[in-house]
Amino acid sequence: MQLIDTHVHINFDVFESDLEAVRERWQENEVVRLVHSCVEPSEFPGMRSLADRFPELSLAVGLHPLDAHKWTDGTAAEILDLARSDAKVVAIGETGLDFYKAENQEQQKEVLLAQLEIARQLNLPVIIHCRDAAATLRELLQEFTLTPSPPHPISPSPLRGVMHCWGGTPEETQWFLDLGFYISFSGVVTFKNATQIQESARIVPSDRLLIETDCPFLAPVPKRGKRNEPAYVRHVAEYVARLRNESLEALAAQTTQNACQLFNLEV
């Protein structure tokens, strides 16, 4: 069996003292590939060092919506250059919209659009963070996919990506499926009160389903309240398999295939 954790942040300080042991545990739990998301471009040199240590690690580069205020005139070029600089970069992100207590919604939208254009230019998928912003995000993505991209004004490149750590309703889930996105579930799906997320996990077609930890955040049951780590993606897989009345082995094989398809990975 093989599992892929499609969203990690193992560069955070909470892993500094025992990262080799963390790796041993993800290997013991048959996690064969990981996609390391990026909160802001300044993280990238450290992420690249981790990818040198751990060949199973692939990278993304982008600016998180909660850091949209850090966007400058040079950020787009920086993300573009970093994405081109390393063959281990498989996605742009994480980007998206987070309107929870946000006062800079217009700024977030502008920053997201700039990163979507980078992804389209490089033909890379985007890793989308969405909190309390599904309707606005849907409208923005619909408009973006219909907007020509120079130098191809007739047929803009298709936008590909994943709704990461998905927490939306079944109706919202369908919106993004209709836009061609993959849907990735984290440990939140295992929480007792996450009934809408659980229903969403049941309706996602098999070929659009992904799993992740978003570690070190949101550890799944039975590890809830502890530091999350890539090994725990197995708990997510087990729970989603039960929700969908599938075997763990079948779900692992399908989500691994899906991750390889979206991020152009090999296992």
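Our subject is the structure that appears above.
Described in the following lines is the structure provided in the data block. Every value quoted in this text rests on a predicted model; they were computed, and no experiment measured them.

1. A closer look at helix α3 (residues 75-85)
Here's step 1: All of the buried residues in α3 are T75, I79, L80, L82 and A83. End-on view of α3: buried residues confined to an arc of 165 degrees, all on one side of the axis.

2. Thoughts on the packing of aromatic side chains
Two descriptors summarise a pair of aromatic rings, namely the distance from one centre to the other and the angle between the planes of the rings.
Here's step 1: Scanning the entire structure with this criterion turns up 3 aromatic pairs.
Here's step 2: Centre to centre, the rings of F12 and F217 are 5.7 Å apart; their planes meet at 75 degrees, and the pair counts as edge-to-face. Of the two residues, F12 sits in the loop between β1 (3-8) and α1 (19-28) while F217 sits in the loop between β8 (209-211) and α8 (233-243), which places them 205 residues apart along the sequence.
Here's step 3: A relative accessible area of 39% means that F217 is categorised as partly exposed.
Here's step 4: For the pair W26 and F54, a centre-to-centre distance of 5.6 Å together with 85 degrees between the ring planes defines the contact as edge-to-face. Of this pair, W26 sits in helix α1 while F54 sits in the loop between α2 (44-53) and β3 (57-61), and the two are 28 residues apart along the sequence.

3. Concerning the pairing of β1
Here's step 1: Of all 6 residues that make up β1, 6 are buried, and the element is covered over most of its length.
Here's step 2: Sheet topology note: the β1/strand β2 (residues 31-36) ladder contains 4 bridges and is parallel. The residue bridging V8 from the neighbouring strand is H36, located in β2.
Here's step 3: Handedness of the crossover is the feature at issue here: the chain leaves β1, passes through α1, returns alongside β2, and the resulting connection is right-handed.

4. So, the sheet that holds strand β4 (residues 89-98)
Here's step 1: Pairing in this open sheet of 8 strands is parallel, and the strands run β1-β2-β3-β4-β5-β6-β7-β8 from one edge to the other. Only two strands of the sheet have a single partner each, and these edge strands are β1 and β8. Shown here is a sheet whose adjacent strand axes are inclined to one another by a mean of 30 degrees, direction ignored.
Here's step 2: Strand direction decides the pairing type here: strand β6 (residues 161-163) and strand β7 (residues 182-185), joined by 2 bridges, are parallel. Note that in β7 the partner of V162 across the bridge is Y182.

5. So, the nonpolar core
Here's step 1: Core analysis: the biggest nonpolar cluster contains 72 residues, and I10 and F176 have the highest contact counts within it.
Here's step 2: Considering each element in turn, this core owes the most residues, 6 residues, to α8.
Here's step 3: If we ignore the near neighbours within four places in the chain, the residues touching I10 are F15, L19, W26, H36, L50, F54, L57, C215 and P230.
Here's step 4: With 14 residues, the next largest nonpolar core counts A60, V90, Y182 and A259 among its residues.

6. With respect to the state of the cysteines
Here's step 1: Scanning the model with the defined rule gives 0 disulfides in all.
Here's step 2: Here C165 stays unpaired: no disulfide links it, and the sulfur of C130, its closest cysteine neighbor, is 11 Å away.
Here's step 3: The structure places no disulfide on C215, whose sulfur is separated from the nearest cysteine sulfur, that of C165, by 11 Å.
Here's step 4: Residue C215 is classed as buried on the basis of its relative accessible area, which comes to 0%.

7. Focus on helix α7 (residues 195-203)
Here's step 1: Looking at α7, one finds that the buried residues are I197, Q198, S200 and A201. The arc that holds every buried residue of α7, seen down its axis, measures 155 degrees, which confines them to one face.
Here's step 2: Residues of α7 that are buried make contact with α6 (170-178), β7 and α8.

8. With respect to the side chain of S37
Here's step 1: In this fold, S37 is placed in the loop between β2 and α2.
Here's step 2: A polar contact of 3.3 Å, which involves the side chain of S37, links it to the backbone nitrogen of E94.
Here's step 3: Residue contacts for S37: discarding those within four places in its chain leaves H7, V8, H9, M47, A60, G93, E94 and I127.

9. Side note on the pattern of salt bridges
Here's step 1: Under the criterion given, the structure shown has 15 salt bridges.
Here's step 2: Residue K70 is joined to E40 by a salt bridge in which the shortest nitrogen-to-oxygen separation is 2.7 Å. Placement of K70 in the loop between β3 and α3 and of E40 in the loop between β2 and α2 is noted, with a sequence separation of 30 residues between them.
Here's step 3: The salt bridge involving E238 is made with R234; its shortest N-O contact spans 3.5 Å. Separated by 4 residues within a single helix, E238 and R234 lie in helix α8, roughly one turn from each other.
Here's step 4: Residue E238 is classed as partly exposed on the basis of its relative accessible area, which comes to 27%.
Here's step 5: A single network of salt bridges, built from pairs that share partners, joins D18, R25, R227 and E229.

Conventions adopted
- Residues numbered from 1 in each chain as written.
- Predicted model: local features only at pLDDT ≥ 70, side-chain atom pairs only at ≥ 80, totals over all residues.
- Heavy atoms only, no water.
- Buried < 20%, exposed > 50% of the residue type's maximum accessible area, 1.4 Å probe, protein only.
- Helix = DSSP H or I, 4+ residues; strand = E, 2+ residues; numbered from the N terminus.
- Arc of directions from axis to C-beta.
- Phe/Tyr/Trp six-rings, centres within 6.5 Å; stacked < 30°, edge-to-face > 60°.
- Pairing = 2+ DSSP bridges.
- Right-handed = clockwise from strand over helix to strand, strands pointing away.
- Axes fitted to C-alpha atoms, helices over the stretch in contact; angles between N-to-C directions.
- Core = buried A, V, L, I, M, F, W, Y, C linked by side-chain atoms within 4.5 Å.
- Contact = heavy atoms within 4.5 Å.
- Disulfide = S-S within 2.5 Å.
- Polar contact = N/O pair within 3.5 Å; in protein donor to acceptor, adjacent residues only side chain to side chain.
- Salt bridge = Lys/Arg side-chain N within 4 Å of Asp/Glu carboxyl O.

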